Amino acid sequence: MENGAKITDNQRNVLLNRLHRPLFWVGEHVPREIEMEGKNVKLHEIIWEIINKTSFSTKDIENIELFLSLLREKEHEYERSLEHNYISYEEARNLFSQTAGIMRAIMDLVKIEEETKRKNVQDTKHICEGVEEKEWEHFVKDIRKDKNREK
């Protein structure tokens, strides 16, 4: 392919379809840096620090949720650019790699967030000794619903 040639519709569709395959992000590299809200963010370093942290406070989880939201916005921005912008194939491949890396970062953070939330539920379970498992799960679900209504 000629260097700098514009991406064809077929090439664009192949890249977009790859982004939506299950587990395609496995093995992708988290970008060293990305721009978020006008600032250069050392994404790789941040993700590395988070995934190697041994415990998380409630505030940490809130910060991870906020960061996840920002990363999802960036991922959607990149995907829209890949889908609609008039760019070269090389630019499209680079955008694909950046998007895939961001999706990898998102998956890493989601896994940590889910495990930490699950652990937090288990840590508080001892409070209700003698309560059946189904009752406990129902109780926790009700608390979460009430908490979400307050927001």
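The rules we used
Residues numbered from 1 in each chain as written. Predicted model: local features only at pLDDT ≥ 70, side-chain atom pairs only at ≥ 80, totals over all residues. Heavy atoms only, no water. Salt bridge = Lys/Arg side-chain N within 4 Å of Asp/Glu carboxyl O. Buried < 20%, exposed > 50% of the residue type's maximum accessible area, 1.4 Å probe, protein only. Helix = DSSP H or I, 4+ residues; strand = E, 2+ residues; numbered from the N terminus. pLDDT = per-residue confidence, 0-100. Contact = heavy atoms within 4.5 Å. Axes fitted to C-alpha atoms, helices over the stretch in contact; angles between N-to-C directions. Parallel < 35°, antiparallel > 145°, perpendicular 65-115°, else oblique. Left-handed = near helix turned anticlockwise from the far one by under 90°. Core = buried A, V, L, I, M, F, W, Y, C linked by side-chain atoms within 4.5 Å. Arc of directions from axis to C-beta.

## So, the pattern of salt bridges
Enumeration over the complete set of coordinates arrives at four salt bridges. Among the ionic pairs, Asp60 bridges to Lys53, the shortest N-O distance being 2.9 Å. Judged by relative accessible area, which is 38%, Lys53 ranks as partly exposed. Where Asp108 meets Arg104, a salt bridge forms, and the shortest distance between an N and an O atom there is 3.4 Å. Residue Asp108 and its partner Arg104 are both found in helix 4 (residues 89-124); the two are separated by four residues, about one turn of the helix.

## Observations concerning the confidence of the model for the protein chain
On average, residues of the protein chain carry a pLDDT of 82, and 77% of them reach 70 or more. The spread of mean pLDDT over the elements of the protein chain runs between helix 5 (residues 133-150), the lowest at 66, and helix 3 (residues 58-84), the highest at 93. The low-confidence segment residues 121-126 (pLDDT under 50) makes six contacts with residues lying over four places distant or belonging to another chain.

## Remarks on the packing of helix 1 (residues 9-19) against helix 3
Contact pair helix 1 / helix 3: the axes reach a minimum separation of 9 Å and the direction vectors enclose 155°. Judged on the interaxial angle alone, helix 3 and helix 1 are roughly antiparallel. Crossing of helix 1 over helix 3 shows left-handed handedness. Side by side, helix 1 and helix 3 meet where Arg12, Leu15, Leu16 and Leu19 of the first sit next to Glu79, Ser81, Leu82, Glu83 and His84 of the second.

## Considerations on the nonpolar core
In terms of nonpolar packing, the biggest core is built from 34 residues, with Leu43, Ile64, Phe67, Leu71, Leu82 and Leu109 touching the most fellow members. Of all the elements in the fold, those that place two or more residues in this core are helix 1, strand 1 (34-36), helix 2 (43-51), helix 3 and helix 4. Ignoring anything within four residues of it in the chain, the contact list for Phe67 reads Met36, Val41, Leu43, Ile46, Ile47 and Leu109.

## Overview of helix 2
Every buried residue of helix 2 is accounted for by Leu43, Ile47 and Ile50. Viewed end-on, helix 2 has its buried residues packed into an arc of 65°, placing them on one side of the element. Exposed positions of helix 2 whose direction lies more than 90 degrees from the buried face are Trp48 and Glu49.

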